[in-house]
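Structural characterization, general
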Amino acid sequence: MMEGPHRAGQAKPMIPPFSPVLLLGLALRPVRPALLQPVFDHMLKVVRSQHPDILERLEAYGERSVCIDPIDLPFALILEPDPVQPRLTVRRFVDADEVHATIRGPLETLIALAEGRMDGDALFFSRQLVVEGDTEVVVALRNAIDGAGIDLVADLTAALGPLAQPARRAAGAVLDLVSSLRGSVETVRQSFIAPALQGAASRDARLAELEAEIKALRKASRRGGPA
Amino acid sequence: MIRPELICPAGTPAALKSAVDAGADCVYVGFRDETNARNFPGLNFSRKELEEGIAYAHARGAKVLVAINTFPRAGHPQMWQSAVDDSARLGADAVILADIGLIDYAARTHPDLRLHLSVQAAASNPQAIGFYAERFGVKRVVLPRVLTVPEIAAINQAVAPVETEVFVFGGLCVMAEGRCALSSYATGQSPNMNGVCSPASHVRYVEAGGGITSQLAGFTINQFGLNEPAGYPTLCKGRFNANGKTSYLFEEPTSLNTLAMLPDLIKAGVAAFKIEGRQRGRAYVAAVVQAFRQGVDAVLEGRPLPDINLDSITEGGRQTTGAYEKAWR
Ligand code: SF4
C-alpha cells in the first residue's frame, strides 16, 4: 500500500524517463494550471463531438472520476466521464482519495495508449503504466478510448475547416522537432550517466573476479586443500 | 494443403477494422453483455456496431463470427437466444456457441446459420465432436488448449469433414476450458456464466516501494518486484505459499505463441488458427494479426517462417508453446 494518499502532480512514485516531455514539464512548472484549463476544455469538446461513442461506452461509469497522471509533467488531469456533462480538469495536485482511480505513466505513453498505438495490457505487463484504485473504471476507459480510434492531431485540427491542413502540417513539424530533440536529449542523458556507467562496469568486473575467486576457494576446500 | 483461416479478435469496432486491415480472414466479436466470454467493462459490440462491422469486413472479403459462448442462466435463456437471432439477422457468417441447449435452439431456429463449437464446450475427442456435428450440424470445433499436435492430427483424421480450429497466440487457460471454478470461487463470477474471469470490479493493484501487489476480491494473489514483468490478475496465475515456498502453482504469466509451429499445425490439417485477445487493444490486434498473416502465407508459399518478435505484447514478457508440445510430460 502506498504510504499515505499519493498526490498526483507531485513526488511521482514512478521515475519519469529523461525526455523532451520531462524538459517541457520543468518549463511548465511555474505555469498555473488554471491557465492550461481552456486547452483541456477544448480538447474534451473536440474529442466528445468526434467520438460520441466513448461516453456511450462509459455510460455505466459516469459517476466515477479518474485521475490521469503524466509522470513527466507538473500537473495531472481529472476526468469525470458523466455522459451529459463530462469534465476534464487540470490540477497541480490530486489526492488519491479524491478520485476513484488513477492511471499513471509518461505522457508519450499515455498519448500512445489514447491513440491505440500501444496496447494497455502490454504497457501494464511491462510496468510502463500504473493503475490504482477502481480497476473496473480504468479498464472501461481504456477500452472505450481504444475503441474510438482517436488521432489527437487529426481530431483537434478537424474543426479548423480550411485551416485544418496547415494546422496539421504545423503539428507534424512540432512532432518532428520533438523526435529530433529526443536524439539530443538522449545524448545529454548518456553523457550525464556515463561516469556512473563506467563505475558500474568496473564494479561488475570486480564482482565477477570475486565470484571466480570464491568458486575456486570452495572447490579447493571441498578437495581438502587450503581454505 | 488446407489454407487455414486466420481468426482474429476484436473487442471494439476500431479493433475489427485493425484486424481486417492487417489481413484477418475472419474476425470474432461479442455483444456488450454476458452472452460472451469477454464481458469486460467498456468492451464489445452493440447491434448497430455489429451491423457496421459486418459491412466493413464483408466489403473487404473478411467474415465475422459472433461468440455467444457463455452458458445461459438457468430458466433465462432469452438474452442468449436473442443474441443468436440478431447474429443471424445481421448477417454474421457463423456463431460460436458452447451451451448444448443454445446450440439446439440455433440449429432449429436458424437452419442456415453456420455453427461453430466454442472452446468453452471443451470437446476434445472425436466422439464428442461427432455428436455435435451429427446432432446439430456443427461445422467447426474450437479445440481446448490441452492437446498435442499429433493428437490434433489424429482428431482431424477422425472427424473430417468437421473442421477444427486451434489457438495460436495469446492468453492461456491452464484448465480445460469451461471447467474452471477458480474465479467463481473467489469472486462469485466466472467465464462460463458471466463471461469474465477475475472481473476488473474485483481487482485492485497496490503500489509500494516500486513493487506492485495484485489483489482479487481481497485475496492477495501476486506481488511483482520493481520492473518485474506482470501478468493478468487471474487465480491460475497467482503466486502462492505452499510447502514453505512461494511459487506459481498452476501457471506462470506467459502467452501462447505458436508462430514457429505453424508448419506442423498446417500439416496436422487444422482449418483455422485463432488469436486470443478480444480484451486487448488495437495495437496488439494489428501486431499479432500481421505476424500470423505473414507466418501462414510464408508456410503456404513454401518460404521460411518470418522471425517476428512478439515479446513486448506477451503476458509476463514470456512465451510458451503450451500443450502443443507438452514438454512437461
Ligand atoms: S482462473 Fe485461469 S484457468 Fe481458470 S478460467 Fe480464469 S484464466 Fe482460465
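Residues numbered from 1 in each chain as written. Chains lettered and ligands numbered in written order. Predicted model: local features only at pLDDT ≥ 70, side-chain atom pairs only at ≥ 80, totals over all residues. Heavy atoms only, no water.

**Focus on the overall build of chain A**
Along chain A, the regular secondary structure elements total eight helices and seven strands. Intrachain contacts of chain A at a sequence separation of at least 6 include 68% that bridge at least 24 residues. Roughly 12,500 Å² of accessible area belongs to chain A as shown, and the carbon and sulfur atoms make up 62% of that amount. (Helix = DSSP H or I, 4+ residues; strand = E, 2+ residues; numbered from the N terminus. Contact = heavy atoms within 4.5 Å. Areas by Shrake-Rupley, 256 points an atom, 1.4 Å probe, with all protein chains shown as cover.)

**Thoughts on the sheet that holds strand E3 (residues 76–80) of chain A**
Residues and elements named next belong to chain A. The strand order across the open sheet formed by five strands is E4-E3-E2-E6-E7, and the pairing between neighbours is mixed. At either margin of the open sheet sits one strand with a lone partner, and together these are strand E4 (87–91) and strand E7 (130–133). For this sheet, the mean angle separating the axes of adjacent strands, direction not counted, is 20°. Relative to strand E6 (residues 101–105), strand E2 (residues 66–70) runs parallel, the two sharing five bridges. Within the sheet, the bridge partner assigned to Asp 69 lies in E6 and is Arg 104. Relative to the sheet, helix H2 (residues 33–50) contacts E3 and E4, its axis offset from that of E4 by approximately 155°. (Pairing = 2+ DSSP bridges. Axes fitted to C-alpha atoms, helices over the stretch in contact; angles between N-to-C directions.)

**Looking at the sheet that holds strand E8 (residues 203–208) of chain B**
Residue and element names in this part refer to chain B. Reading across the sheet, the three strands line up as E8-E9-E10 and stay open at both edges, with antiparallel pairing between neighbours. Pairing within the sheet leaves two strands with one partner each, and these edge strands are E8 and strand E10 (219–224). Direction aside, neighbouring strands of the sheet carry axes that sit 25° apart on average. Of the strand pairs in this sheet, strand E9 (residues 211–216) and E10 are connected by five bridges, and their pairing is antiparallel. Paired with Ser 214 across the two strands is Asn 222, which belongs to E10.

**Description of the environment of Gly 209 of chain B**
Mapped onto the fold, Gly 209 of chain B is located in the loop between E8 and E9. Each C-alpha atom, one on Gly 209 of chain B and one on Ile 103 of chain B, is 51 Å from the other, the two residues being 106 residues apart in sequence.

**Details of the interface of chain A and chain B**
Facing the 32 residues of chain A at the interface are 41 residues of chain B. At the boundary of chain A and chain B, one finds five salt bridges. Elements with a contribution of two residues or more to the side of chain A that touches chain B: helix H3 (52–57), helix H5 (120–125), E7 and helix H6 (135–148) of chain A. Among the elements that make up the side of chain A that touches chain B, the one with the highest residue count is H6 of chain A (nine residues). Class assignment for the residues of the side of chain A that touches chain B results in 14 nonpolar, six polar and twelve charged. (Salt bridge = Lys/Arg side-chain N within 4 Å of Asp/Glu carboxyl O. Nonpolar A, V, L, I, M, F, W, Y, C, P; charged D, E, K, R; others polar.)

**Some words on helix H6 (residues 149–159) of chain B**
All names here are of chain B. Taken together, the buried positions of H6 are Val 149, Ile 152, Ile 155, Asn 156 and Val 159. What you see down the axis of H6 is that its buried residues fit within an arc of 115°, all on one side. Facing away from the buried side of H6, by more than 90 degrees, are the exposed residues Pro 150 and Gln 157. (Buried < 20%, exposed > 50% of the residue type's maximum accessible area, 1.4 Å probe, protein only. Arc of directions from axis to C-beta.)

**Some remarks on the domain arrangement of chain B**
All names here are of chain B. You can read the domains of chain B as domain 1 (5–172 + 254–324) and domain 2 (182–248). Averaged C-alpha coordinates put domain 1 and domain 2 at centres separated by 26 Å. In this assembly, 20 residues from domain 1 lie in contact with twelve residues from domain 2. For the pair domain 1 and domain 2, the summed buried surface comes to about 1,100 Å²; carbon and sulfur atoms form 48% of the total. Three residues, Phe 71, Glu 315 and Gly 316, lead the burial of domain 1 against domain 2; their summed loss comes to 37% of the area buried on that side. On inspection of domain 1 and its partner domain 2, the count reaches one salt bridge. For the salt bridge of Lys 237 with Glu 315, the shortest nitrogen-to-oxygen distance reads 3.1 Å. Counting across the interface, domain 1 meets domain 2 through nine residue pairs in polar contact (both at pLDDT 80 or more). Here the residues of the side of domain 1 that touches domain 2 are counted per class, giving seven nonpolar, eight polar and five charged. (Domains from an automatic or database assignment. Buried area = accessible area lost by both parts, 1.4 Å probe. Polar contact = N/O pair within 3.5 Å; in protein donor to acceptor, adjacent residues only side chain to side chain.)

**A few points about the packing of helix H3 (residues 78–90) of chain B against helix H4 (residues 100–109) of chain B**
All names here are of chain B. At a minimum axis separation of 10 Å, H3 and H4 run at an interaxial angle of 35°. Crossing geometry of H3 relative to H4 is assigned as right-handed. Contact residues: H3 offers Trp 80, Gln 81, Val 84 and Asp 85, while H4 offers Leu 102, Tyr 105, Ala 106 and Thr 109. (Left-handed = near helix turned anticlockwise from the far one by under 90°.)

**A word on the site of the ligand**
Close contacts around the ligand come from Cys 173, Val 174, Met 175, Cys 180, Leu 182, Pro 191, Cys 197 and Cys 236 of chain B, and that covers them all. For the shell around the ligand, a count of residues per class yields eight nonpolar, no polar and no charged. (Near = heavy atom within 4 Å.)

**Focus on the pairing of strand E2 (residues 26–29) of chain B**
All names here are of chain B. Here E2 shows a buried face lined by Cys 26 and Tyr 28 and a second buried face lined by Val 27 and Val 29. Where strand E1 (residues 5–9) lies against E2, three bridges are found, and the strand directions are parallel. Residue Cys 8 lies in a different strand from E2, and its bridge partner there is Val 27. Note: E2 against strand E3 (residues 63–68), four bridges, orientation parallel. Opposite Val 27, over in E3, you have Val 64 as the bridge partner. The handedness of the E2 to E3 crossover, carried by helix H2 (residues 47–59), is right-handed. (Right-handed = clockwise from strand over helix to strand, strands pointing away.)

**What to know about the confidence of the model for chain A**
Residue and element names in this part refer to chain A. Looking at chain A as a whole, its pLDDT mean stands at 80, while 74% of the residues score no less than 70. At the low end of the mean pLDDT range in chain A sits strand E1 (residues 7–8), at 62; at the high end sits E3, at 95. Taken together, the stretch residues 1–5 has pLDDT below 50 and engages in eight contacts with residues farther than four places along the chain or on a different chain. (pLDDT = per-residue confidence, 0-100.)

**Here we look at helix H4 (residues 107–114) of chain A**
All names here are of chain A. Within H4, six of the eight residues are buried, which leaves it mostly tucked inside the rest of the structure. Within H4, the full set of buried residues consists of Leu 107, Thr 109, Leu 110, Ala 112, Leu 113 and Ala 114. Downstream of H4 by a residue or two, Gly 116 has a phi angle that is positive, lying close to 75°.

**Brief notes about the side chain of Arg 293 of chain B**
Residue and element names in this part refer to chain B. Mapped onto the elements, Arg 293 comes out in helix H10 (residues 282–300). On the basis of relative accessibility, which here comes to 10%, the residue Arg 293 falls in the buried class. A polar contact is formed between the side chain of Arg 293 and the backbone oxygen of Gly 23, at a distance of 2.8 Å. Setting aside anything within four residues of it in sequence, one finds Arg 293 in contact with Arg 3, Leu 6, Ala 22, Gly 23 and Asp 25.

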